[in-house]
Amino acid sequence: VADDPALRHAVAVREQYTGRAQRYYFDEPMTVVSSQGVWMSDTEGLAYLDAINNVTHIGHADPTVADAVSRQVRRLNTNSRFVYAQFGRYAERLASLLPDPLAVVYFACTGSEANDLALRMARQVTGRTNVMVVDGAYHGNTTAVLEISPDRYDSPGGGGRPDTTHVVVQPNRYRGPYGYDDPLAAQKYAADVADVARRLSAEGRAPAALFTEALIGSGGQITLPPGYLASAFEAVRAAGGLCVSDEVQIGIGRLGTMWGFEAHGAVPDIVTLGKPLGNGMPLAAVATTREIADEFDRGIRYFNTFAGNPVCCAAGLAVLDVIERDGLVERAASTGAYLLSGLRGLADRHALIGDVRGEGMYAGIELVRNRTTKEPADAEALYISQRMREEGVLIYPNGRFGNILKIKPPLIFDPSHVQILVDTLDSILTEDW
Ligand code: PMP
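Looking at an unreviewed UniProt entry, one finds the chain named Aminotransferase class III-fold pyridoxal phosphate-dependent enzyme, with Dactylosporangium fulvum as its source organism.

Colleague: Describe the overall build of the chain, listing the residues and the values that go with them.
Modeller: Within the chain, the secondary structure is distributed over 13 helices and 17 strands. Rg of the C-alpha trace for the chain: 21 Å, near the compact-globule value of 22 Å for 433 residues, within the 12% margin. Across its three principal axes, the chain shows a C-alpha extent of roughly 60 × 60 × 45 Å. Here the chain, with 433 residues, has 49% of them falling under the buried criterion. Of the contacts made within the chain by residues no fewer than 6 positions apart, 73% connect residues no fewer than 24 positions apart.

Colleague: Tell me about unusual backbone geometry, and name the residues and values.
Modeller: Residues D100 and P101 are joined by a peptide bond in cis, for which omega reads 0°. In this model, N279 sits at a positive phi of 50°, which is unusual for a non-glycine residue. Inspection of the secondary structure assignment puts N279 in the loop between β11 (270-273) and β12 (284-289).

Colleague: I'd like a description of the pairing of β12, backed by residues and values.
Modeller: Among the six residues of β12, five are classified as buried, and the element is accordingly described as predominantly covered. In terms of strand pairing, β11 meets β12 through four bridges, oriented antiparallel. Along β12, the bridge assignment pairs I270 with T288.

Colleague: So, the site of the ligand: which residues are in play, and what are the values?
Modeller: Around the ligand, 16 residues are found, and the nearest of them are T110, G111, S112, G140 and V248. Of all the elements, helix α4 (residues 111-126) adds the most residues to the shell around the ligand, at three residues. Here the shell around the ligand is built from residues that sort into two nonpolar, eleven polar and three charged.

Colleague: If you had to explain the packing of α4 against helix α9 (residues 290-297) to someone new, which residues and values would you point to?
Modeller: In a pair of packed helices, the angle between the axes and the distance between the axes together describe the arrangement. The interhelical angle for the contact between α4 and α9, taken along N-to-C directions, is 85°, at an axis separation of 9 Å. By the angle class used here, α4 and α9 are roughly perpendicular. For the pair formed by α4 and α9, the contact residues are M121, Q124 and V125 on the first element and I292, E295 and F296 on the second. Class assignment of the residues belonging to the contact of α4 with α9 gives a composition of four nonpolar, one polar and one charged.

Colleague: Any details on the domain arrangement of the chain? Residues and values, ideally.
Modeller: If you check the domain split of the chain, you get domain 1 (5-58 + 327-430) and domain 2 (63-325). Using only C-alpha atoms to locate each centre, domain 1 and domain 2 end up separated by 25 Å. With 28 residues of domain 1 in contact, the opposing surface of domain 2 contributes 24 residues. Listed by contribution, the elements that provide at least two residues to the side of domain 1 that touches domain 2 are α11 (328-349), β13 (353-359), β14 (362-367) and β17 (404-407). Here the residues of the side of domain 1 that touches domain 2 are counted per class, giving eleven nonpolar, ten polar and seven charged.

Colleague: A description of the nonpolar core should follow, citing residues and the corresponding values.
Modeller: In terms of nonpolar packing, the biggest core is built from 124 residues, with A108, A122, V236, A285 and A315 touching the most fellow members. Ranked by residue count, the leading element in this core is helix α10 (residues 310-325), at eleven residues. With near-sequence residues (within four places) excluded, A122 lies in contact with A208, A209, L242, V244 and I270.

Colleague: Any chance you could break down α11 for me, citing the residues and the numbers?
Modeller: Each α-helix turn comprises 3.6 residues. Residues three or four places apart therefore point the same way. Between its terminal C-alpha atoms α11 stretches 31 Å, which fits the 32 Å expected from 22 residues at 1.5 Å a residue. Along α11, the positions that sit buried rather than exposed are L328, A332, T335, G336, L339, L340 and L343. In an axial view of α11, the angular spread of the buried residues amounts to 155°, which keeps them on one side of the axis. Looking at α11, the residues exposed on the side facing more than 90 degrees away from the buried face are S341, D348 and R349. Elements that come into contact with the buried residues of α11 comprise α10, β13, β14 and α13 (415-430).

Calculation rules
- Residues numbered from 1 in each chain as written.
- Predicted model: local features only at pLDDT ≥ 70, side-chain atom pairs only at ≥ 80, totals over all residues.
- Helix = DSSP H or I, 4+ residues; strand = E, 2+ residues; numbered from the N terminus.
- Rg over C-alpha atoms; globule rule 2.2 N^0.38 Å.
- Buried ≥ 20, exposed ≤ 12 C-beta atoms within 10 Å, placed from the backbone.
- Contact = placed C-beta atoms within 7 Å.
- Pairing = 2+ DSSP bridges.
- Near = placed C-beta within 6 Å.
- Nonpolar A, V, L, I, M, F, W, Y, C, P; charged D, E, K, R; others polar.
- Axes fitted to C-alpha atoms, helices over the stretch in contact; angles between N-to-C directions.
- Parallel < 35°, antiparallel > 145°, perpendicular 65-115°, else oblique.
- Domains from an automatic or database assignment.
- Core = buried A, V, L, I, M, F, W, Y, C linked by C-beta atoms within 7 Å.
- Expected span 1.5 Å × (residues − 1).
- Arc of directions from axis to C-beta.

See below:
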């Protein structure tokens, strides 16, 4: 920052005029000025390989999206109470990609709004208030969804768990009681879901819903044991609750399948979508069954001025076109497999790596100071991400202890990009520090 006047100025203006609760990546922030494909450029014209951006899903400055948006912005943009073709067309497209009986779509602008709406829907439709969530989860920033986000209410200033939120054990096979080597891990973790649902029912406060992701994102890139989701959903439904899949991070292809829940043989009652839908344009959605929608529609109106506006829907349609045209879901699966095998190769050589996990183009590298005690190597994770940035590759730590390097590149990553990422990480891990 000290050496770069443009960056110094950008940071100073930001610090003076914007609230500091709005954090940025890196202690010494980088100011990005342009981006293309898998690359982002800073004020000095240096290019960085973007392995962190889960919003520019199909790549930065995608020409198909750019053309669709600019055409639409010149023709029509308006609030969502008018009828225009894009709203229905995009909803139809999403519904056609979702499995039965998910058939009705509501639009929102952010993942938080989508989860907020899903929460309201679940409560209204079941007539219940209590909600189950997975430990460590993050579901968004509205006041309502912060209350079902242990990641936030458990953090300093978060105020603790509200009485109506009930936490199930995180199915974490690296740190949890049942490991990768336990063939019954899924059933054992799901037994906790059943226990909590039964206890709540016995106490006269049966759950409205379980909120979960099919790969727990901000909670630490936790891959679920196969079968967990199906058993967990069964337990929640047995208690009369609804199953909400938060696909805000993983929807439309990141995990190498169109939907995260798809690989788990489970179909939720409500799905929430966000980040990647508009490739950076604010576009989010809630999908549910006709039955739940009809019941919800009997309640108060849902109006969201910008949600599903013509420009954002045009972006969303273009994103799906590109995903289909370029086979990006299949590509996420194959490039993702290459990424995981590269990262697992590093784990064989570097003791700091305690666990490598992931699906498709979503990976987590958990760093520990000691493989037996699993002491989180949080300072090391931050240091490595700063060094990676100096070497031109963007990744960042997250998870409860801040010791997991999160890797979430655009789906257009190819093996040569993976190689740059793996080689750079390898050389930094080999350094004397
Ligand atoms: N759900 C999950 C799983 C998320 O990771 C996030 C954002 N990190 C959200 C919801 C909230 O999305 P947004 O920031 O678009 O409101």
